[in-house]
Amino acid sequence: MRLVIISGMSGSGKSVALHAMEDSGFYCVDNLPPELLLPFIEVERQHQSRLVAIAVDARSANSLPLIPLQINTLRRSGVEVSVLFLDASDATLMRRFSETRRKHPLTRIAGKNQDQDLRDAVALERELLADFRSHAHVIDTTMTHAAQLRSHIRALMALPQSHITLVFESFGFKRGTPTDADFVFDVRMLPNPYYEPALRPLTGRDAPVIDYLEAQPEVGIMHANIRDFMQRWLPALAENHRSYVTVAIGCTGGQHRSVYLVERLYQDFCSEWTCLRRHRDQDF
């Protein structure tokens, strides 16, 4: 059996992620109390279920500390367990709640007036979920549209199970640094195709841009440096029982240099490691 446990901040896209898992063939259960996790998995084993996903949230905060012990129990019994945590900036979460006019699930606990309620509820939820977040693979949805998140989750769930999964992600610094990155490499000092009028509307996946960048010695040196660094430290990360490692490559706009390097690094590592590539500011 393969089990995915998903949690995260309210408004970060948990429902979108759960629907994407359902589309990928998972049997999904939303807001399962952690006390019922082990009995539920036992029932699903009897039904010979192979792919199961459950969502838990801060409304079960008192019993969330049970989950790490339960995960260890399930893994010892042969269940492949992945833990995902969806997050976004406080400003983004508050904007999403304001746009949808939904009440935060912790609003009644947190404050007195509506504006203060939402701010306090988000802060309270972040505090309640902090420990769970530290045990999970974090996906930052601050700059991610629903369609992008669905595509990313479906790709992630389609990957074969392995000890470690590498996620290479391009991004533009002008839209902020991904908070889910384990490693961030800044490549803004490299020659920029943006200043070549014929290359400006293209991306790092287009042949003219690739040719331009491969003709720049600095680009080759940067590529080799990042590749060698990851090759040196990935075995140690795997030995430390990491399930996911996100490597973010950033340039100014997330269109040319970072995209090119993500594509190159993906090719470097995909034959030896389970890999996924994302282009945050392009994959709409």
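In what follows, the structure referred to is the one given above.
All values derive from a computational prediction rather than experimental measurement.

Pairing is parallel in the open sheet, where five strands are placed in the order β2-β3-β1-β4-β5. Every interior strand has two partners, whereas the edge strands, β2 (27-29) and β5 (137-140), have only one. Direction aside, the axes of adjacent strands within the sheet are offset by 20 degrees on average. With four bridges joining them, strand β4 (residues 80-87) and β5 adopt parallel strand pairing. Bridge pairing in β5 places L86 opposite I139. Most of the contacts of helix α1 (residues 14-23) go to strand β1 (residues 2-8), to which it runs at about 165 degrees, and overall it touches β1, β2, β3 (51-55) and β4. Lying on the sheet, helix α3 (residues 66-76) is in contact with β1 and β4; it crosses β4 at an angle near 150 degrees.

Another point: empty space enclosed by the protein. The final tally for this structure, using the stated rule, is one cavity of 30 Å³ or more. Of the pockets and cavities examined, the largest cavity occupies roughly 40 Å³. What lines the largest cavity is simply D140, T142, M143, T144, E169, P178, D180, R278 and R280. Among the residues forming the lining of the largest cavity, the class breakdown is two nonpolar, two polar and five charged.

In contact at an axis separation of 9 Å, α1 and helix α7 (residues 146-158) are set at 45 degrees when each is read in the N-to-C sense. Regarding the angle of α1 to α7, the classification is oblique. Regarding α1 and α7, the two cross each other, and that crossing is right-handed. Listed contacts from α7 to V16, A17, A20, M21 and D23 of α1 are A146, L149, R150, I153, R154 and M157.

Moving on: the side chain of R278. Among the structural elements, R278 can be located in strand β9 (residues 274-279). Of the polar contacts made by the side chain of R278, one reaches the side chain of H152; its length is 3.5 Å.

Helix α10 (residues 257-269) packs onto helix α9 (residues 217-239) with a crossing angle of 45 degrees between their chain directions and a minimal axis gap of 11 Å. Classified by the angle between their axes, α9 and α10 sit oblique to one another. Considering only the axes of α9 and α10, their crossing is right-handed. Contacts between α9 and α10 involve V219, M222, H223, I226, R227, M230, Q231 and L234 from the first element and Y260, L261, R264, L265, D268 and F269 from the second. Of the residues assigned to the contact of α9 with α10, the class counts are nine nonpolar, two polar and three charged.

Parameters and conventions
Residues numbered from 1 in each chain as written. Predicted model: local features only at pLDDT ≥ 70, side-chain atom pairs only at ≥ 80, totals over all residues. Heavy atoms only, no water. Pairing = 2+ DSSP bridges. Helix = DSSP H or I, 4+ residues; strand = E, 2+ residues; numbered from the N terminus. Axes fitted to C-alpha atoms, helices over the stretch in contact; angles between N-to-C directions. Contact = heavy atoms within 4.5 Å. 1 Å grid on protein atoms, 1.4 Å probe; cavity = no way out; pocket = protein on both sides within 12 Å on 5 of 7 lines; lining within 4 Å. Points joined across faces, edges and corners; volume = space filled by probe spheres on them. Nonpolar A, V, L, I, M, F, W, Y, C, P; charged D, E, K, R; others polar. Parallel < 35°, antiparallel > 145°, perpendicular 65-115°, else oblique. Left-handed = near helix turned anticlockwise from the far one by under 90°. Polar contact = N/O pair within 3.5 Å; in protein donor to acceptor, adjacent residues only side chain to side chain.

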